[in-house]
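Residue-level listing of the chains:
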Amino acid sequence: ELVPEAKITLVSGSAYTGQKELGAFLVDKKNIFHQANLTAYGMAELFRTHGLAITSASTVAYEACSCKIPLIVRQTADNQEELFRFLKKSGMAHSIQYLDELKDAIVKVNNELAMDKMLEIQSRYFDGRTNDRLANLFKSLADEFNFRSFGVHDSELIFTWANDSVTRMNSYHTTVISWEAHEKWMGEKLADPNCRLWLAEDITGPIGMTRVEKVAL
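What counts, and where the lines are drawn
Residues numbered from 1 in each chain as written. Predicted model: local features only at pLDDT ≥ 70, side-chain atom pairs only at ≥ 80, totals over all residues. Heavy atoms only, no water. Pairing = 2+ DSSP bridges. Helix = DSSP H or I, 4+ residues; strand = E, 2+ residues; numbered from the N terminus. Axes fitted to C-alpha atoms, helices over the stretch in contact; angles between N-to-C directions. Right-handed = clockwise from strand over helix to strand, strands pointing away. Phe/Tyr/Trp six-rings, centres within 6.5 Å; stacked < 30°, edge-to-face > 60°. Buried < 20%, exposed > 50% of the residue type's maximum accessible area, 1.4 Å probe, protein only. Lys NZ or Arg CZ within 6 Å of the ring centre and 35° of its normal.

**Some remarks on the sheet that holds strand S6 (residues 146–149)**
Right, on to step 1. Across the sheet, three strands lie side by side as S6-S7-S8; this open sheet has antiparallel pairing. Among the strands making up the open sheet, the edge pair consists of S6 and strand S8 (205–213). On average, adjacent strands in this sheet sit at an angle of 30° to one another, irrespective of strand direction.
Right, on to step 2. Relative to strand S7 (residues 195–202), S6 is paired through four bridges, and the arrangement is antiparallel. Considered in S7, the bridge of asparagine 146 is made with glutamate 201.

**Some details on the pairing of strand S2 (residues 32–36)**
Right, on to step 1. Summarising the sheet, strand S1 (residues 8–12) and S2 pair through five bridges and their orientation is parallel. Bridge pairing links threonine 9 to phenylalanine 33 in S2.
Right, on to step 2. For the crossover from S1 across helix H1 (residues 19–25) to S2, the handedness is right-handed.

**Considerations on the packing of aromatic side chains**
Right, on to step 1. Inspection of every chain in the model, using the stated rule, returns three aromatic pairs.
Right, on to step 2. Where tyrosine 62 meets phenylalanine 126, the ring centres are 5.5 Å apart and the plane angle is 70°; that geometry is what we call edge-to-face. Of this pair, tyrosine 62 sits in helix H3 (residues 59–66) while phenylalanine 126 sits in the loop between helix H6 (112–125) and helix H7 (130–144), and the two are 64 residues apart along the sequence.
Right, on to step 3. For tyrosine 62, a relative accessible area of 32% gives the class partly exposed.
Right, on to step 4. Between phenylalanine 159 and tryptophan 179 the ring centres are 5.0 Å apart and the planes differ by 90°, which places this aromatic pair in the edge-to-face class. Of the two residues, phenylalanine 159 is situated in helix H8 (residues 155–162) and tryptophan 179 in helix H10 (residues 179–191); the sequence distance between them amounts to 20 residues.
Right, on to step 5. In this arrangement the basic side chain of lysine 7 is found over the ring face of phenylalanine 33, its NZ or CZ atom lying 5.7 Å from the centre.
Right, on to step 6. Geometry around phenylalanine 25 places lysine 29 over its ring, the cationic atom sitting 4.2 Å from the centre.

Interpretation in functional terms is not warranted from these geometric data alone.
What follows is the structure, given as structure tokens:
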């Protein structure tokens, strides 16, 4: 209804529980297409072939920015507050609080000058040098902390950290993790040749965990 002639692609993830209702809604919507559970490569292709992205203030907004696309974001969960604020303050995205602001937001973002400014700001943050920055960050951390390989004997500690109230509040799934689910996850990660786990320690003992995974696009 906002832009009747536009081609719109809706993307939902595995955690979305309204697939059946969404399907019923889209039955007579000839210009709206639905895709589910896309890979990172699939998302990137969508961003490259569309003229505007509307996302939650989650990591998918960062994916959009890295592809240099005009972006509108809305906070849809409590754990998105900091990222929502940053995207708004930096100018990488146009932010809205309520859905009835969307039509005006689309008009504003499609202004040529506003669009060019937004894409220029996105390019400053996503300049293709992330690998170098991450490498330098870990090198600097290595001067302050000791990093050691993760082992089965660390399982109980990580289980406690994972179920910390603040950790759960800021996680994609906020429900408490069972010991059985944790043990299954732990076994899979330790056996995965494309995954590396390290514990960071200072003079007081373990203070954090780092996980690096090689993911196929």
